[in-house]
Amino acid sequence: MSMPAALFDDLAAIVGAGGLLRRDEELMVYECDGYTLERSRPEVVVLPRSTAEVSAIVRLCNRHDVRFVPRGAGTGLSGGCLPIRAPVMIGLSRMNRIVSVDLENCTARVEAGVVNREVTARVAPHGLYYAPDPSSQPACTIGGNVAENSGGPHTLKYGVTTNHVLSIELVRSDGEVVELGGVLDDGPGYDLRGVLIGAEGTFGLVTQATLRLLPLPEGYRTLLAVFDRIDDASAAVSGIIGRGIVPAALEMMDQLMVEAVEAAYHFGFPKDADAVLIIEIDGLRAGLARQAQRIEAVCREHGAREVRIAADEAERAALWKSRKRAFGAVGRLAPNYCTQDGVVPRTKVPEILRIIRRIAEEQRLRVANVFHAGDGNIHPILLYDERDRDQVERVLVAGRQILEACVALGGSLTGEHGIGVEKMDLLPLLFAEADLDLMRRVRRVFDAELRSNPHKMFPAESAGVAVSEPQRRAAS
Ligand SMILES: Cc1cc2nc3c(=O)[nH]c(=O)nc-3n(C[C@H](O)[C@H](O)[C@H](O)COP(=O)(O)OP(=O)(O)OC[C@H]3O[C@@H](n4cnc5c(N)ncnc54)[C@H](O)[C@@H]3O)c2cc1C
């Protein structure tokens, strides 16, 4: 789709020449997110600095009958901000102000482009923090977190984005600015804030949000449990929670992942372990040592050969650095990787890991696993080389098979990375046509003309869009 020439000038008039990107080498950066199997370049990227500018851009797009796609930091892992017949990309990265902090009510008002970790950095000196902690938190934005309802390692105890966002300013796809939600916990009426969170940019653009802040825990205990059999590690996960202990985080890395992470960050992980668990408890200092002992006992009952407790804050930070940067370490294993995101009931973790191993063998692919084991939220990382078309095809097949298996085990297609372009065609595995129809109608309440992030999430609306054919740079 080609944009009317006048639109470029009108957009520049709103954001200034420095806020508009249209040269090929500039646009290349925006052709994909963290899901690199599919690519599509916008015709222009506009970088507004205020809600008023976002609204003016959207109204202009309406006048020219042009569709648009919101973008935060582009760390998404399902192709959510890929422009599909939406030539205008609206990047929120310059809207990065923390507007206000209300210490007494424990809230912060932030613009959508604020980077997740910046919120805690600002309020930590006051003993507060923002709980949702996606591993991408040094880069991803609050707007992207809202759009994807992001979680993180500490989701197990603290929940996901929707549990920590009180209200949201939204520029609807007709340009109107609305505020959804409020600072009171029990406001009357429909929870439109809740409906918007996880809508993946299909309702319009989030421009600001009021976040709930929590008091920093008084203390932490962070354990590393080492297992010779991944099945034992999985059983320990259910064992811990079965004893009534809810850790703040309960993460697993398999052997291949440990190998890559150790090579990259030198934490001291045993490279021969079949799996390791990172288990964190937090809260009042009194009682933490006792709880850590109970967790250690459960791990040993399930065959852990070693259980270490981080000696101090520096060791705890090093352990979390290794975990949260695990995806980055994967670059040592292969030129490309695709991170899958599925969910199974926690007790089915051993079974899905066996299935993943079988699928990897059948498709002749190497797969590393690092995931939120406590939530049953798996992240198999499929390694490949995009120059080899056959490998790319096998990655797509394996990804689909893994997700089908998750659903068959009573799980879901995504725990936190969203549907994006990657999983649109799989939605009918989870929802009946009547459910999908209801969701489509909800979407139209916010975006009657399907202008914001079109051809996403729903299978029928993607008809005619070649998203299943990756625009890869294959060798042949
Ligand atoms: C190394 C790595 C680790 C990750 N770890 C986690 C993790 O632990 N947990 C987790 O949940 N995710 C994780 N992710 C995925 C990703 O970081 C999250 O989905 C994140 O919320 C995306 O934020 P973003 O600002 O990069 O959004 P983008 O990728 O730019 O966009 C994501 C989606 O949100 C929409 N969007 C963005 N901004 C707005 C806005 N202001 N208004 C409306 N729609 C908007 C886009 O259109 C798109 O559909 C990880 C990604 C990477 C690369």
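Residues numbered from 1 in each chain as written. Predicted model: local features only at pLDDT ≥ 70, side-chain atom pairs only at ≥ 80, totals over all residues. Heavy atoms only, no water.

Participant: Residues and numbers for the site of the ligand, please.
Facilitator: Contacts to the ligand come from 35 residues, most closely from Pro 70, Gly 72, Thr 75, Ser 136 and Thr 141. Taking Asn 145, its side chain carries an N or O atom lying 2.9 Å from an oxygen atom of the ligand. At 3.0 Å, a backbone N or O of Gly 151 approaches an oxygen atom of the ligand. In isolation the ligand exposes 970 Å². Once the protein is present, 95% of that is buried. Those elements that provide at least two residues to the shell around the ligand are β3 (68-71), α5 (142-148) and β10 (204-212). (Near = heavy atom within 4 Å. Polar contact = N/O pair within 3.5 Å; in protein donor to acceptor, adjacent residues only side chain to side chain. Areas by Shrake-Rupley, 256 points an atom, 1.4 Å probe, with all protein chains shown as cover. Helix = DSSP H or I, 4+ residues; strand = E, 2+ residues; numbered from the N terminus.)

Participant: Help me get a handle on empty space enclosed by the protein, residues and values and all.
Facilitator: As enumerated under the stated definition, the model contains 1 cavity of 30 Å³ or more in all. Reported here for the largest cavity is a volume of approximately 40 Å³. Lining the largest cavity, in full, are Leu 224, Phe 267, Arg 308, Ala 310, Glu 315 and Leu 319. Of the residues that constitute the lining of the largest cavity, the class distribution is 4 nonpolar, no polar and 2 charged. (1 Å grid on protein atoms, 1.4 Å probe; cavity = no way out; pocket = protein on both sides within 12 Å on 5 of 7 lines; lining within 4 Å. Points joined across faces, edges and corners; volume = space filled by probe spheres on them. Nonpolar A, V, L, I, M, F, W, Y, C, P; charged D, E, K, R; others polar.)

Participant: Go over the sheet that holds strand β6 (residues 107-111), please, and point to the residues and values.
Facilitator: Here we have 5 strands laid out as an open sheet, ordered β5-β6-β10-β8-β9, and antiparallel in their pairing. The open sheet terminates on both sides in strands that have one partner only, identified here as β5 (98-102) and β9 (177-181). Taking each pair of neighbouring strands and ignoring which way they run, the sheet shows an average axis angle of 15°. Along the sheet face, helix α3 (residues 51-63) touches β8 (165-172), β9 and β10 and points at about 40° away from the line of β8. (Pairing = 2+ DSSP bridges. Axes fitted to C-alpha atoms, helices over the stretch in contact; angles between N-to-C directions. Contact = heavy atoms within 4.5 Å.)

Participant: Can you lay out helix α4 (residues 116-123) for me, pointing to particular residues and giving the numbers?
Facilitator: Within α4, burial applies to Asn 116, Val 119 and Val 123. Angularly, the buried residues of α4 cover 60° about the axis, an arc narrow enough to put them on a single face. Looking at the buried side of α4, the elements it contacts are β5, β6, β7 (128-129), α5 and β10. (Buried < 20%, exposed > 50% of the residue type's maximum accessible area, 1.4 Å probe, protein only. Arc of directions from axis to C-beta.)

Participant: Break down the pattern of salt bridges for me, with residues and values.
Facilitator: Inspection of every chain in the model, using the stated rule, returns 33 salt bridges. Ionic pairing is found between Arg 97 and Glu 111, a salt bridge with its closest N-O pair at 3.1 Å. Residue Arg 97 is located in the loop between β4 (88-91) and β5, and its partner Glu 111 is located in strand β6; the two are separated by 14 residues in the primary sequence. Arg 357 is the salt-bridge partner of Asp 274, the closest N and O atoms lying 3.6 Å from each other. Placement of the pair is Asp 274 in the loop between α9 (255-265) and β14 (275-283) and Arg 357 in helix α13 (residues 349-362), with a sequence separation of 83 residues. It is possible to trace a salt-bridge network through shared partners that takes in Arg 23, Glu 25 and Glu 26. (Salt bridge = Lys/Arg side-chain N within 4 Å of Asp/Glu carboxyl O.)

Participant: Describe the confidence of the model for the chain, with residues and values.
Facilitator: Scored by pLDDT, the chain comes out at a mean of 93, with 96% of its residues at no less than 70. The low-confidence segment residues 471-476 (pLDDT under 50) makes 17 contacts with residues lying over four places distant or belonging to another chain. (pLDDT = per-residue confidence, 0-100.)

Participant: For the pairing of β5, give the residues involved together with the corresponding values.
Facilitator: Here β5 pairs with β6 via 4 bridges, running antiparallel. Residue pairing for β6: Ile 98 is matched across the bridge by Val 110. Count of turn residues in the β5/β6 antiparallel hairpin: 4 residues, of which Cys 106 carries a positive phi of about 55°.

Participant: Would you mind going over the sheet that holds strand β18 (residues 366-371) in detail, with residue names and values included?
Facilitator: Strand order in the open sheet made by the 7 strands is β15-β12-β14-β13-β18-β20-β16, with antiparallel pairing throughout. The open sheet terminates on both sides in strands that have one partner only, identified here as β15 (306-309) and β16 (336-339). The average angle at which neighbouring strand axes cross in this sheet is 20°, direction not considered. As paired elements, strand β13 (residues 249-254) and β14 share 6 bridges and run antiparallel to each other. Pairing of Glu 251 across the sheet is with Ile 278, part of β14. Along the sheet, α9 makes contact with β13, β14, β18 and β20 (380-384), crossing β13 at roughly 90°. Of the strands in this sheet, β13, β18 and β20 are in contact with α13, which crosses β18 at around 160°.

Participant: Give me the pairing of β14: which residues, what numbers.
Facilitator: Among the 9 residues of β14, 8 are classified as buried, and the element is accordingly described as predominantly covered. For strand β12 (residues 219-227) and β14, the ladder comprises 9 bridges, and the chain directions are antiparallel. Across the sheet, residue Leu 224 finds its bridge partner in β14, namely Ile 278.

Participant: Describe helix α15 (residues 433-446), listing the residues and the values that go with them.
Facilitator: The end-to-end C-alpha distance of α15 is 21 Å, a good match for the 20 Å that 14 residues give at a rise of 1.5 Å each. Along its buried surface, α15 packs onto β8, β9 and α7 (192-196). (Expected span 1.5 Å × (residues − 1).)

Participant: How would you explain a nonpolar patch on the surface if you had to name every residue and give the values?
Facilitator: On the surface, Tyr 190, Leu 192, Val 195 and Val 442 cluster together into a nonpolar patch covering about 400 Å² of accessible area. Mapped onto the fold, Leu 192 is located in helix α7. (Patch = residues over 30% accessible without salt bridge, like charges linked within 9 Å, V, L, I, M, F, W, Y side chains within 5 Å.)

Participant: Run through the layout of surface pockets, naming residues and quoting values.
Facilitator: For the second largest pocket, the calculated volume is near 600 Å³. What lines the second largest pocket is a set of 30 residues, and nearest its centre among them are Glu 148, Asn 149, Gly 198, Glu 200 and Thr 414. With 3 residues, the top contributor of residues to the lining of the second largest pocket is α15. Among the residues making up the lining of the second largest pocket, the classes are represented as 14 nonpolar, 11 polar and 5 charged.

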